[in-house]
Amino acid sequence: MKVRTEARREAILDIASQVFLEFGFERASMAEIVRRIGGSKSTIYGYFPSKEALFQAVTQAAGERHIQASFDELAAHDMQHGIREVLVRFAEKLATFMCSKDLIATQRMVLAEAGHSSMGELFYEEGPKRGMEEIAAFLTRAMEHGHLRQEAPFVAALQFGALVQAEIQLRWYYKDLPPLPPEDIKALADRAVATFLRAYAPEAAGAAPPPANVEAAPPKIKNKKTA
């Protein structure tokens, strides 16, 4: 019996990430990954049952490597001293991740493939959606403690992410742009958080109650499978 090891799994993920970025999801083959890492197809299938599962694992591993510690900080925040500082730190980490070469290359690859394969959906489920759900959980607690107005937490999470991304997304359309220095990252994080907190400031006393249809879950996205 072959023994699975964490080191072998990580090696497969590293090679698979390179192959996906180089060839795209549809043209990337398990055979090419095997050729680069050595061994046989059964070695990879012992860890990942399909190319789809491997791509999801690659996406999840990238998030865990770059930003999971920041999500953990959000989850551990005790809400006793407000939320501005922890949100700014998180926004800085998120912005830094969004500016990384690997993330930009992945975004370009996913958008190029999304129109004619399942890559976009797989990436969304294991990457942005999971991240937004964790932010929404933090915002739900912030609303319960009175730091934010009661609104749909997942929508608020999407809007928070959009504010952080607003000054970064244009970089994805250029072939080469110089890295953003740390002071610029901090400044855009400060601006994003300041705008978000103004938009979601708690209601003043006597203000109208929030709508009754506030949802915590992400909006449903219909595709050909579910439509």
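Everything numeric here is computed off the predicted structure, so don't read it as measured data.

**Structural notes on a negative patch on the surface**
So, point 1. Judged by side-chain charge, E6, E10, D14 and E64 come together as a negatively charged surface patch.
So, point 2. Per-element accounting of the negative patch gives the leading share, three residues, to helix α1 (residues 6-23).
So, point 3. The residue D14 is located in helix α1 in this model.

**Considerations on the pattern of salt bridges**
So, point 1. Here the structure, examined in full by the defined rule, presents nine salt bridges.
So, point 2. Between E125 and K129 there is a salt bridge, with its nearest N and O atoms 3.4 Å apart.
So, point 3. Judged by its relative accessible area of 30%, E125 falls in the partly exposed class.
So, point 4. Of the charged contacts in the structure, one is a salt bridge between R130 and E126, with a shortest N-O distance of 3.5 Å.
So, point 5. Residue classification places E126 among the buried residues on the basis of a relative accessible area of 17%.

**Remarks on the environment of L158**
So, point 1. Assignment of secondary structure puts L158 in helix α10 (residues 153-165).
So, point 2. Given the relative accessible area of 36%, L158 is considered partly exposed.
So, point 3. On a C-alpha basis, the gap between L158 and E133 in space is 9.3 Å, while along the polypeptide they are 25 residues apart.

**A short note on the side chain of E32**
So, point 1. The residue E32 is located in helix α2 (residues 30-37) in this model.
So, point 2. Within polar-contact distance, the side chain of E32 engages the side chain of R36 at 2.6 Å.
So, point 3. Ignoring anything within four residues of it in the chain, the contact list for E32 reads V19 and F23.

**Quick notes on the nonpolar core**
So, point 1. I83, I135, L148, F160 and F196 are the most contacted members of the largest nonpolar core, which totals 40 residues.
So, point 2. Apart from the residues within four sequence positions on either side, F196 is in contact with L87, L139, L148, A156, F160 and L163.
So, point 3. Listed in part, the 25 residues of the second largest apolar core include L13, I15, F25 and L122.

**Looking at the packing of aromatic side chains**
So, point 1. Across all of its chains, the model carries eight aromatic pairs by this definition.
So, point 2. Both rings, one in F20 and one in F55, keep their centres 5.2 Å apart while their planes meet at 85°; by these two values the pair is edge-to-face. You can see F20 sitting in helix α1 and its partner F55 sitting in helix α4 (residues 51-66), a full 35 residues away along the chain.
So, point 3. Here F20 falls in the buried class, since its relative accessible area comes to 1%.
So, point 4. For F55, a relative accessible area of 2% gives the class buried.

**Quick look at the packing of helix α5 (residues 68-76) against helix α6 (residues 84-98)**
So, point 1. Two elements in contact, α5 and α6, have axes separated by 10 Å at closest approach and are oriented at 165°. For the element pair α5 / α6, the angle class is roughly antiparallel. Judged by the twist between their axes, the crossing of α5 over α6 is left-handed. Contacts between α5 and α6 involve S70, F71, E73 and L74 on the former and, on the latter, V86, R89, F90 and K93.
So, point 2. Here the contact of α5 with α6 is built from residues that sort into four nonpolar, one polar and three charged.

Each value, and the rule that gives it
Residues numbered from 1 in each chain as written. Predicted model: local features only at pLDDT ≥ 70, side-chain atom pairs only at ≥ 80, totals over all residues. Heavy atoms only, no water. Patch = residues over 30% accessible without salt bridge, like charges linked within 9 Å, V, L, I, M, F, W, Y side chains within 5 Å. Areas by Shrake-Rupley, 256 points an atom, 1.4 Å probe, with all protein chains shown as cover. Salt bridge = Lys/Arg side-chain N within 4 Å of Asp/Glu carboxyl O. Lys, Arg positive; Asp, Glu negative; His and termini not counted. Charge placed at Lys NZ, Arg CZ, Asp CG, Glu CD. Helix = DSSP H or I, 4+ residues; strand = E, 2+ residues; numbered from the N terminus. Buried < 20%, exposed > 50% of the residue type's maximum accessible area, 1.4 Å probe, protein only. Polar contact = N/O pair within 3.5 Å; in protein donor to acceptor, adjacent residues only side chain to side chain. Contact = heavy atoms within 4.5 Å. Core = buried A, V, L, I, M, F, W, Y, C linked by side-chain atoms within 4.5 Å. Phe/Tyr/Trp six-rings, centres within 6.5 Å; stacked < 30°, edge-to-face > 60°. Axes fitted to C-alpha atoms, helices over the stretch in contact; angles between N-to-C directions. Parallel < 35°, antiparallel > 145°, perpendicular 65-115°, else oblique. Left-handed = near helix turned anticlockwise from the far one by under 90°. Nonpolar A, V, L, I, M, F, W, Y, C, P; charged D, E, K, R; others polar.

So far we have only geometry, and geometry alone does not tell us how the molecule works.
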